[in-house]
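# Topology and contacts: notes
As a plain string of letters, each chain reads:
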Amino acid sequence: MFAPSVLLLLSVIAIGATIALPGLEDYRFLAGVTALASLLLLVFKWVRQYRSAKDAAQNWIVVDGSNVMHWNDGTPQIGTVRKAVDHVRNLGYQPVVFFDANAGHLTTGKYRHHQWFSMALGLSENRVMVVDKGTPADPYILITARDLEAQIVTNDRFRDWIDAHPEVHEKGRLIRGSYREGKLWLHLGPARQPDDDMPVS
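Residues numbered from 1 in each chain as written. Predicted model: local features only at pLDDT ≥ 70, side-chain atom pairs only at ≥ 80, totals over all residues. Heavy atoms only, no water.

### Notes on the pattern of salt bridges
Inspection of every chain in the model, using the stated rule, returns three salt bridges. Between Arg82 and Asp86 there is a salt bridge, with its nearest N and O atoms 3.0 Å apart. Of the two residues, Arg82 and Asp86 both sit in helix α4 (residues 78–90), four residues apart, roughly one turn of that helix. Owing to a relative accessible area of 27%, Asp86 belongs among the partly exposed residues under this scheme. Two residues, Arg173 and Glu170, come together in a salt bridge whose shortest N-O distance is 2.9 Å. Take Arg173: its relative accessible area is 15%, and that puts it in the buried class. (Salt bridge = Lys/Arg side-chain N within 4 Å of Asp/Glu carboxyl O. Helix = DSSP H or I, 4+ residues; strand = E, 2+ residues; numbered from the N terminus. Buried < 20%, exposed > 50% of the residue type's maximum accessible area, 1.4 Å probe, protein only.)

In structure tokens form, the structure reads like this:
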């Protein structure tokens with residue numbers, strides 16, 4: 001938006017000059033047209049950015065990191081989560097990842113903060129949360145998914161939370177995944193049939 005802003009500023013200055021200085025009245029119309037055009041360009045760019053941000057917000061997806069990390073032979077691996085995160089990002093989703101407090105111990109042998117996981121996953125820190133010790137990540141996952149109207153990448157059925165979150169029964173709300181012949185598979189949800197899934201290369 002820098003160029004249209006500068007053009008608008010210069011046009012306003014030009015209009016002021018045509019008013020203040022004698023002999024420049026003939027240029028007032030041209031300066032006015034330029035100012036109006038640059039203003040319309042600014043509004044157009046702002047609306048486009050707003051719509052892009054709104055569209056991006058509608059593409060949130062919540063990743064149950066503590067569940068996904070067990071998908072490869074039941075062995076907790078941060079690389080498995082990274083693979084899932086990269087895949088959903090390639091599909092145009094904006095992932096938010098949650099981990100139980102013991103996720104670091106399971107994957108690296110010691111406690112890890114969200115900063116470490118955000119670096120490992122290639123996400124900004126505000127996209128990753130490690131919940132407090134003794135607190136399950138499930139309610140955070142479910143509340144966030146409800147607030148964002150997002151799907152959840154997990155094989156968990158959330159049976160203990162169904163009364164508070166009946167939306168987990170909705171078709172396509174929970175995106176299942178697995179490893180088959182060394183490749184990660186994700187069931188992509190409502191846009192596909194229940195058995196129609198896609199391999200991740």
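### Here's the deal with the side chain of Asn67
Examined against the element boundaries, Asn67 turns out to sit in helix α3 (residues 65–68). Side chain to side chain, Asn67 and Trp71 meet in a polar contact 3.0 Å long. Asn67 has contacts with Thr154, Asn155 and Asp156, leaving out every residue within four places of it along the chain. (Polar contact = N/O pair within 3.5 Å; in protein donor to acceptor, adjacent residues only side chain to side chain. Contact = heavy atoms within 4.5 Å.)

### Re the nonpolar core
One finds Val68, Val81, Val97, Phe99, Phe117, Leu121 and Val153 to be the most contacted residues of the largest nonpolar core, which totals 22 residues. Top element by residues in this core is α4. It accounts for five residues. With near-sequence residues (within four places) excluded, Val97 lies in contact with Val63, Gly65, Val81, Val85, Leu121, Leu123, Arg127, Val128 and Met129. Of all hydrophobic cores here, the second largest spans 13 residues; its members include Val62, Phe98, Ala150 and Ile152. (Core = buried A, V, L, I, M, F, W, Y, C linked by side-chain atoms within 4.5 Å.)

### Some words on helix α6 (residues 114–121)
All of the buried residues along α6 are Phe117, Ser118 and Leu121. One side of α6 carries all its buried residues, which in axial view fall inside an arc of 100°. Summarising the contacts, the buried residues of α6 are in contact with α4, β2 (94–99), α5 (103–108) and β3 (128–130). (Arc of directions from axis to C-beta.)

### Brief notes about the packing of aromatic side chains
Applying the stated criterion to the full structure yields two aromatic pairs. When the centroid spacing of 4.2 Å and the interplanar angle of 25° are considered together, the rings of Phe99 and Phe117 count as stacked. Of this pair, Phe99 sits in strand β2 while Phe117 is found in helix α6, placing the two residues 18 residues apart along the sequence. For Phe99, a relative accessible area of 0% gives the class buried. Given a relative accessible area of 0%, Phe117 falls into the buried group. Between Trp116 and Phe117, the ring centres sit 5.0 Å apart and the planes meet at 90°, which makes this aromatic pair edge-to-face. What makes Trp116 partly exposed here is its relative accessible area of 26%. (Phe/Tyr/Trp six-rings, centres within 6.5 Å; stacked < 30°, edge-to-face > 60°.)

### What about the confidence of the model for the protein?
The predicted model of the protein has a mean per-residue pLDDT of 83, with 78% of residues at 70 or higher. Confidence drops under pLDDT 50 across residues 50–56; counting only partners more than four residues distant or on other chains, this segment forms one contact. In the model, residues 189–196 has pLDDT below 50 throughout and makes eight contacts with residues more than four positions away in sequence or in other chains. (pLDDT = per-residue confidence, 0-100.)

### Overview of α4
Residues spaced three or four apart along an α-helix face the same direction, because each turn holds 3.6 residues. Compared with the 18 Å implied by 1.5 Å per residue over 13 residues, the 18 Å span of α4 between its first and last C-alpha is a close match. Within the span of α4, buried status applies to Ile78, Thr80, Val81, Ala84, Val85, His87 and Val88. (Expected span 1.5 Å × (residues − 1).)

### A short note on the sheet that holds strand β5 (residues 174–175)
Pairing in this open sheet of five strands is parallel, and the strands run β3-β2-β1-β4-β5 from one edge to the other. Looking at which strands have only one partner, the edges of the open sheet turn out to be β3 and β5. Where strand β1 (residues 60–64) meets strand β4 (residues 151–153), three bridges bridge the pair, whose relative direction is parallel. Following the sheet pairing, Val63 is matched in β4 by Val153. Contacts between α4 and the sheet are confined to β1, β2 and β4, with β2 contributing the most and set at about 155° to the helix. Across the sheet, α6 lies against β2 and β3, angled at about 140° from β3, the strand it touches most. (Pairing = 2+ DSSP bridges. Axes fitted to C-alpha atoms, helices over the stretch in contact; angles between N-to-C directions.)

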